[in-house]
Each structure stands twice: as structure tokens, then as C-alpha cells.
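Coordinate inspection notes
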Amino acid sequence: MTAFDDDKPTPRGELTLQIVPLPSDTNPNGDVFAGWLVKQMDIAAATMAGRISQGRNATVAMDRMEFLSPLRVGSQVGCYCEVVEIGRSSMKLRVEVWTRDRTAKHPRKVTEGMFVYVAIDEHGRIREVPEQNL
């Protein structure tokens, strides 16, 4: 993003998961559960980690999250993943969540978080991440 884009924020990373929350995903107040959103973020990040590791992986850490705005039922939710770091067996990914409400012209950022995964083998033991061709 350049200085000319400051008034037009856009998601960082690759659109990895897109979903629409349903009424069954809400609390008694009608707001989408934070846990539902974290689950979607973990699914998106695990998908990207699987592509990087070329196999199984496991979530080992999630960094602090702040919810910037509420998520409404029926909104189009996009999880964008960006690789932050790849280690010998680990992958650190940033996940941003953006939503577009049914009546909105522009998307808005809902939250972001950092997820760390390790590559695992068929026995659940840590293995090396294959070398990446960047």
C-alpha cells in the first residue's frame, strides 16, 4: 500500500476462504460468535499452511486478536492469508478478515490475527517444511 492508498484500505494477502455466517452462528443478541470467526480464520490459515507444508500441519499458536467491528449475519466474509515467516518446521501466517455487508459498497476490516503451524507427518510427529520456490 502506498501513501496514495491510505484512504482506501485493502486486505493484505491471498483470499483463502470466503463464507457467509448464518443465523445459527449467532449469540442470543444476534451477533456472530467470535469463536465462529476464529474457527474460520484457523481453517483459512490451515489451508495455506497445508499448501506450504505439502501435507498435514497442526496449529500451535494464535496471537492476540482485536475485533474492530461486529460481524453481521448474511455478510460476505473473506479470510486473507499472508505468509510472515517459514522456519524449518513452522509457518507463521497473518490472517485478516474483511466483510462486505449486503447493503455496503465497500468492505471493512473485522479483525486480524497471527497463526503458527508446524508441519507434521502421518504419525503426528514434527517434520521439515519442504523448501519453497519463491
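An account of the accompanying structure is given in this report. If you're wondering where the values come from, they're calculated on a predicted model, not measured in any experiment.

Checked against the element boundaries, threonine 111 lands in strand 5 (residues 108-119). Each C-alpha atom of the pair threonine 111 and serine 24 lies 21 Å from the other, and the pair is 87 residues apart in sequence. Look past the residues within four positions of threonine 111 in its chain and what remains in contact with it is Leu37, Met41, Met65, Glu66, Phe67, Val95, Glu96 and Val97. A polar side-chain atom of threonine 111 sits 2.7 Å from the main-chain carbonyl oxygen of glutamate 66.

So, on to the environment of leucine 71. Looking at the secondary structure, you find leucine 71 in the loop between strand 2 (57-62) and strand 3 (76-86). Exposure remark for leucine 71: the relative accessible area of 6% places this residue in the buried category. Note: C-alpha distance between leucine 71 and glutamate 128 (57 residues apart in sequence) is 37 Å. Once residues within four sequence positions are removed from consideration, leucine 71 is found in contact with Pro21, Asp31, Val32, Trp36, Leu37, Val77, Thr99 and Val110.

Quick notes on the rules
Residues numbered from 1 in each chain as written. Predicted model: local features only at pLDDT ≥ 70, side-chain atom pairs only at ≥ 80, totals over all residues. Heavy atoms only, no water. Helix = DSSP H or I, 4+ residues; strand = E, 2+ residues; numbered from the N terminus. Contact = heavy atoms within 4.5 Å. Polar contact = N/O pair within 3.5 Å; in protein donor to acceptor, adjacent residues only side chain to side chain. Buried < 20%, exposed > 50% of the residue type's maximum accessible area, 1.4 Å probe, protein only.

In short, shape yes, function no, at least from these values alone.
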